[in-house]
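Each chain, letter by letter, is given below.
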Amino acid sequence: MAEVVIVENADAAGALVAAEIVELIDGRPDAVLGLATGSTPLPVYQALRSRLAGRDVLPVRGFALDEYVGLDPAHPESYRSVITRDVVEPLGLDPRRIHVPNGAQATIQHAGDDYETAIDAAGGVDLQILGIGTDGHIGFNEPGSSFASRTRVKTLTEQTREDNARFFDSIDDVPRHCITQGLGTILRARHLVLLAFGEGKAQAVADAVEGPLSAILPGSAIQLHPHATVVVDEAAASRLRLADYYRYTYANKPDWQGI
Ligand code: PGA
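Residues numbered from 1 in each chain as written. Predicted model: local features only at pLDDT ≥ 70, side-chain atom pairs only at ≥ 80, totals over all residues. Heavy atoms only, no water.

*Asks:* Is there a simple way to explain the layout of surface pockets in this structure?
*Replies:* By rolling a water-sized probe across the atoms, one finds the places where empty space is left. Roughly 590 Å³ of volume is contained in the largest pocket. Along the walls of the largest pocket sit 30 residues, with T37, G38, S39, N164 and R166 positioned nearest its centre. At the level of elements, β4 (66-68), α3 (79-91) and α5 (158-164) are the ones that each hand at least two residues to the lining of the largest pocket. Examining the composition of the lining of the largest pocket, we find that four residues originate from one element, α3, more than from any other. (1 Å grid on protein atoms, 1.4 Å probe; cavity = no way out; pocket = protein on both sides within 12 Å on 5 of 7 lines; lining within 4 Å. Points joined across faces, edges and corners; volume = space filled by probe spheres on them. Helix = DSSP H or I, 4+ residues; strand = E, 2+ residues; numbered from the N terminus.)

Okay, here's the thing in structure tokens:
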């Protein structure tokens, strides 16, 4: 099962995951990061700013999980723009090494295959950061997604469009389609780190970590991964049946083991 780490707040989660990423980059300067958008990973990127300051991070490579289809990459809410603003610029990464699925309509039919080829050519993702939607999606793999899925076009649920409408002027501006790494793509990353904060995520977290494996809850795919870490605050952990066991396990973890 996934290792669950219950932390005091989002800043503590950010510090924990940032430390793991720094260790990864120390060992392998051209490490391949799996980058997530949304509000959840922001504390990680925030913590990385100071921890990576002064280091040569230009060799670091990255692959974003997903992108909207048909949204101009220059639009402030395209995931290309979000990754540039939240990750590439503040951390000083080389934009040419940071990939985002290509949501352009003209090439969308092969954009998924192209992305898979690029990930494979990079040797795969070392550490994949994940958020989870209130409906249990990871990346933009909405309920019903195959556990074997690869990068492809998906239709966003109305719930996800509503959740994301806050970033747009109106819900009518939220695209209906996206291109996302598949669950099978995500499962090939060597280490998954799923973060969630707040009561609103508690049910999705409990279902993903402890619920049955089911396409209806795409996040439950993490149970198939040999090295998945779930970092949550108390509110997001509030529906975990084994919360006390996770606390006990983490408190007694050997010092030599990272997350
Ligand atoms: P959030 O989104 O981080 O903005 O809550 C998570 C997701 O929908 O995957």
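This is not the end of the story, as more comes after the structure.
*Asks:* How should the sheet that holds β4 be read in this particular structure?
*Replies:* What holds strands together in a sheet is hydrogen bonding between their backbones, with the strands either parallel or antiparallel. Pairing within the open sheet is antiparallel, and its three strands lie in the order β4-β8-β7. Lying at the two open borders of the sheet, with one neighbouring strand each, are β4 and β7 (152-155). Between one strand axis and the next, the sheet turns through 30° on average, direction left out of account. (Pairing = 2+ DSSP bridges. Axes fitted to C-alpha atoms, helices over the stretch in contact; angles between N-to-C directions.)

*Asks:* When you look at the nonpolar core in this model, what are you seeing that I'm missing?
*Replies:* Ranked by internal contacts, the top residues of the largest apolar core, which has 68 residues, are I21, L48, L195, I222, V230, V232 and L240. Of the residues forming this core, the biggest block, six residues, is contributed by helix α1 (residues 10-27). In contact with L48, not counting residues within four places along its chain, are A18, I21, V22, A53 and L91. (Core = buried A, V, L, I, M, F, W, Y, C linked by side-chain atoms within 4.5 Å. Buried < 20%, exposed > 50% of the residue type's maximum accessible area, 1.4 Å probe, protein only. Contact = heavy atoms within 4.5 Å.)

*Asks:* Help me out: how do you make sense of helix α2 (residues 42-52) in this one?
*Replies:* The α-helix winds at 3.6 residues per turn, so residues separated by three or four positions along the chain end up facing the same way. For α2, the complete set of buried residues consists of P43, V44, Y45, A47, L48 and L52. Considering only its buried residues, α2 is in contact with α1, β2 (32-35), α3, β6 (127-130) and β9 (191-196). Two residues or fewer past α2, G54 is found with a positive phi of approximately 85°.

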